[in-house]
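# Architecture and fold: a report
Here is how the chains run, residue by residue.
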Amino acid sequence: LIMRKVLLATTALVAMSVTAAQADITISGAGVFEVEEKGAGQLFSSDGNVVIKGTTVTDSGLTISAVQDTTFEGSSIADSYIEVAGDFGNLKMGQTDDALDRMDGVLGSNMDIDGTTVGDAYATSIGGDVMAVSYIAPSVGGFTPYVSIQADGAGTGYGFNFQAGPATVMFQALDATADSSVIGVGFSAGAVTVGAGAKRSKTAGVTTTTNDVGVSYTAGDVKLIATHRKQGSGKFNTVGAKYTIAPGLTAAIENGSVTGTDPKDSTYASLTVAF
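To keep things clear, this report deals only with the structure shown in the data block.

What counts as what
- Residues numbered from 1 in each chain as written.
- Predicted model: local features only at pLDDT ≥ 70, side-chain atom pairs only at ≥ 80, totals over all residues.
- Heavy atoms only, no water.
- Helix = DSSP H or I, 4+ residues; strand = E, 2+ residues; numbered from the N terminus.
- Buried < 20%, exposed > 50% of the residue type's maximum accessible area, 1.4 Å probe, protein only.
- Areas by Shrake-Rupley, 256 points an atom, 1.4 Å probe, with all protein chains shown as cover.
- Salt bridge = Lys/Arg side-chain N within 4 Å of Asp/Glu carboxyl O.
- Polar contact = N/O pair within 3.5 Å; in protein donor to acceptor, adjacent residues only side chain to side chain.
- Contact = heavy atoms within 4.5 Å.
- Phe/Tyr/Trp six-rings, centres within 6.5 Å; stacked < 30°, edge-to-face > 60°.

Here we come to the overall build of the chain. When helices and strands are counted, the chain shows two helices and 16 strands. Expressed as a percentage of its 275 residues, the buried residues of the chain come to 32%. Carbon and sulfur atoms make up 63% of the accessible area of the chain, which totals about 15000 Å².

Glancing now at the pattern of salt bridges. Considering all chains together, one arrives at one salt bridge under this definition. Close ionic contact of Arg-229 with Asp-112 constitutes a salt bridge, the shortest N to O distance being 3.3 Å. Taken together, the residues Arg-229 in strand E13 (residues 222-231) and Asp-112 in the loop between helix H2 (99-102) and strand E6 (129-136) connect sequence positions 117 residues apart. Each member of the pair, Arg-229 as well as Asp-112, carries the same accessibility label: buried.

Quick look at the side chain of Thr-210 now. Among the structural elements, Thr-210 can be located in strand E12 (residues 206-219). Assessed through its relative accessible area of 1%, Thr-210 is described here as buried. Side chain to side chain, Thr-210 and Gln-231 meet in a polar contact 2.8 Å long. The contact partners of Thr-210, leaving out residues within four places of it in the chain, are Tyr-122, Ala-123, Thr-124, Gly-197, Ala-198, Lys-199, Lys-230 and Gln-231.

Let's shift gears to unusual backbone geometry. As a rule of thumb, non-glycine residues mostly have phi less than zero, and peptide bonds are mostly trans rather than cis. The backbone phi angle of Asp-152 is positive, close to 55°, even though this residue is not glycine. With respect to the helices, strands and loops of the structure, Asp-152 is situated in the loop between strand E7 (143-149) and strand E8 (156-164). One non-glycine residue with positive phi stands out, namely Ala-204, at about 50°. Examined against the element boundaries, Ala-204 turns out to sit in the loop between strand E11 (192-203) and E12. Residue Ala-204 is classed as exposed on the basis of its relative accessible area of 79%.

What follows deals with the packing of aromatic side chains. Aromatic ring pairs are defined here through the distance separating the ring centres and the angle between the ring planes. Tallied over the full model, the rule gives five aromatic pairs. Considering the side-chain rings of Phe-33 and Phe-44, the 5.5 Å spacing of their centres and the 65° angle between planes classify their relative orientation as edge-to-face. Separated by 11 residues along the polypeptide, Phe-33 in strand E1 (residues 23-38) and Phe-44 in strand E2 (residues 41-57) bring together distant segments of the chain. Judged by its relative accessible area of 52%, Phe-44 falls in the exposed class. The interplanar angle of 35° and the centroid separation of 6.1 Å between the aromatic rings of Phe-160 and Phe-171 together place this pair among those described as tilted. Placement of Phe-160 in strand E8 and of Phe-171 in strand E9 (residues 167-175) is noted, with a sequence separation of 11 residues between them. With relative accessibility at 28%, the residue Phe-171 sits in the partly exposed group.

Don't take any of this as a statement about function, it's just geometry.
Printed below as a string of structure tokens:
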């Protein structure tokens, strides 16, 4: 009887080990300390997130993942979604960056270091972090189409990227409260990357046009960035730099200035520890 119990216990442990081996669970994230000057005020803040991801691969070759991204501030959930990837493309369902947001890297405004500067209104991107179903199709001859659908008609976005060597062309459209479309072009040559975009947005019969251009230069552990955006009579410019001090440790600084009817300035600095 004792031998039988030992055998059963050993069999159970082996079974548990096999199950664990089939699943890959990772924990990653980053902690950020930020200093920001806006007008006459200075702000210290902490940012960051912890991402828990479980991934398994089926016998048919599908990669299935479940992800939860928890922020440091208030321990709130930033992203929570499931993902299925394979030869058919990539399907994401839940709260996360939609397909449009994941495919708009060519836009000049997305080269900005700090996503919370005084020039947020001058962004040319139309995608975002939303509750949606997003699908990115496999690339065929450099052509990659994608779509994002929110519940109850809250927003339907679609677009495509076409890559030919070092150049990428992007088109996106979003049918929502504000109907928007954007065209982007990007080019990389060695250490230099250039991106530009033009957005047209219509809300309550009023059409707004936003244009941007950005350039980055990478030299070893240092990356220099400059962006320019224009919307009506307003202009927003940034200049910044990132420095990788050591693997997982990055320092950044950026200055942003708005000109026009409501001029503003901001300076941003941060230290990031990634794991």
